[in-house]
Amino acid sequence: MDAPNKVSRLQLLSLPIDSVAALIASITCLSFSPIFIRLSELEIGPNATAFNRFWIAAIGFWLVNSFLNVPHQKQNTELRIHKTLSRPEIGLLIADGMLLSMGTICWTWSLTNTSVANSSIIHNLIPIFTILGGWLVFGKFFENRFILGTFVAIAGVMLLEVNDLFSLNIGQQLTGDFAALLSAVFFGVHPLIAEQLRTKFNAVTIMTWSSTTSFLLLLPVTIFAQEQLFPSSVTGWFSVIGLAFVGQMLGIGLWTYCLKNLSSGFASLVGLLAPIFSSLEGWAIFSENIEPWTWVSFMVILFGMYLAISSKFAIKSQVNNVPL
């Protein structure tokens, strides 16, 4: 066995199990989001769907945060440290929520102005902006193996939509395409901010602030769009509650948790597995057909994942002592 293969296997074995499990669980939960969104938008609009997702999740995270703080109430010194936030920290916590809400608005709006194929392809450029942002803002450097794996995986995602893309008339959808690009930028920067916050805060605290900021920003947007604010049926409420619990609390929450040990660029790249999971879930739940070309794209994505995972950039060089 040659040296590169030995390094790759050692790198794979050294991945932190809890963080990898949290990342895979996060992607699995996020892959169910399109199903809940599809059900919810049968009754309310896209902005209202996002608004309900965030306010329900905000209440859930506030309750979880309060529960986790109960055992520490007697530790007054530690409690004061966690409650005393500096202005830069508050700014980052609010910025994280703004990024999520703006990314969600751009993502849902792009789907009403361009094709699903165009929007999906452009939106899935998220890892590029995470890596680019890490290099420009934080001075991070990346191995060639990791960058190659990123582009291979993104190429695999593009193959998922290639048939739909070629069957459409492109040229009249620039506004929607630009909105999808903005959503990729917002969602690409979000992991970088969350990664910085994870050095000082646990995942629940970050998501409490983030979800609260997001729903406060989305409320006026939904009202301005004159959309029905709340669902009016059991199915509608089931959809938005499921989206909040599965997509936001478990999906984004576990994603934030894994950033304690895994790099933001790596986590964003592995997030490209979500279209695979969504396709399989669509096949299992809605009996949607999976074409042979789709299986080829799955293999390309997984190969890109392997290249990235086997690089040194997957794991942080320093692990924090922040809980959760």
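Read on for an overview of the structure.

The rules behind the values
Here the residue index of a chain counts from 1 through its sequence in written order. Whole-chain, interface and lining totals are the exception, using all residues; otherwise, since this is a predicted model, local features are given only for residues with pLDDT of at least 70 and side-chain atom pairs are given and counted only at 80 or more. Heavy atoms from the whole structure form the basis of all side-chain values; hydrogens and water molecules are not counted. Only runs of H or I of at least four residues qualify as helices and only runs of E of at least two qualify as strands under DSSP, and these elements are numbered from the N terminus. Residue count minus one, scaled by 1.5 Å, sets the expected span of a helix. Under the scheme applied here, a residue whose accessible area is under 20% of the maximum for its type counts as buried, over 50% as exposed, and between as partly exposed, the area being computed with a 1.4 Å probe on protein chains only. For our purposes a nonpolar core is just a set of buried Ala, Val, Leu, Ile, Met, Phe, Trp, Tyr and Cys residues, chained together by side-chain atoms within 4.5 Å. Contacts were defined at the residue level, with two residues in contact if any of their heavy atoms lie within 4.5 Å.

Let us look at helix H2 (residues 17–31). The end-to-end C-alpha distance of H2, which contains 15 residues, comes to 21 Å, matching closely the 21 Å that a straight helix rising 1.5 Å per residue would cover. Of the residues making up H2, those classed as buried are Ser19, Ala22, Leu23, Ser26, Ile27, Cys29 and Ser31.

Moving on to the environment of Gly282. Looking at the element boundaries, Gly282 is found in helix H14 (residues 274–286). Residue Gly282 is classed as buried on the basis of its relative accessible area, which comes to 4%. Put simply, Gly282 and Pro34 are 248 residues apart on the chain and 9.5 Å apart in space, counted from C-alpha to C-alpha.

Counting residues in each nonpolar core, the largest one holds 28 residues, and the members touching the most others are Leu23, Ile27, Leu269, Val270, Leu272, Leu273 and Met305. If you list the elements that add at least two residues to this core, you get H2, helix H9 (144–166), helix H10 (174–197), helix H12 (234–258), helix H13 (264–270), H14 and helix H15 (292–309). Aside from chain neighbours lying at most four places away, what touches Val270 is Leu23, Ile24, Ile27 and Met305. In terms of nonpolar packing, the next biggest core, distinct from the first, is built from 20 residues, Val204, Val240, Met249 and Ile252 among them.

Looking now at the environment of Leu197. Mapped onto the secondary structure, Leu197 falls in helix H10. Classification of Leu197 by relative accessible area gives buried; the value is 2%. Distance in space between the C-alpha atoms of Leu197 and Leu92 is 7.3 Å, their sequence separation being 105 residues. When sequence neighbours within four positions are dropped, the list of residues in contact with Leu197 reads Glu89, Leu92, Leu93, Asp96 and Ile206.

Everything listed here is a matter of geometry and, on its own, says nothing about what the molecule does.
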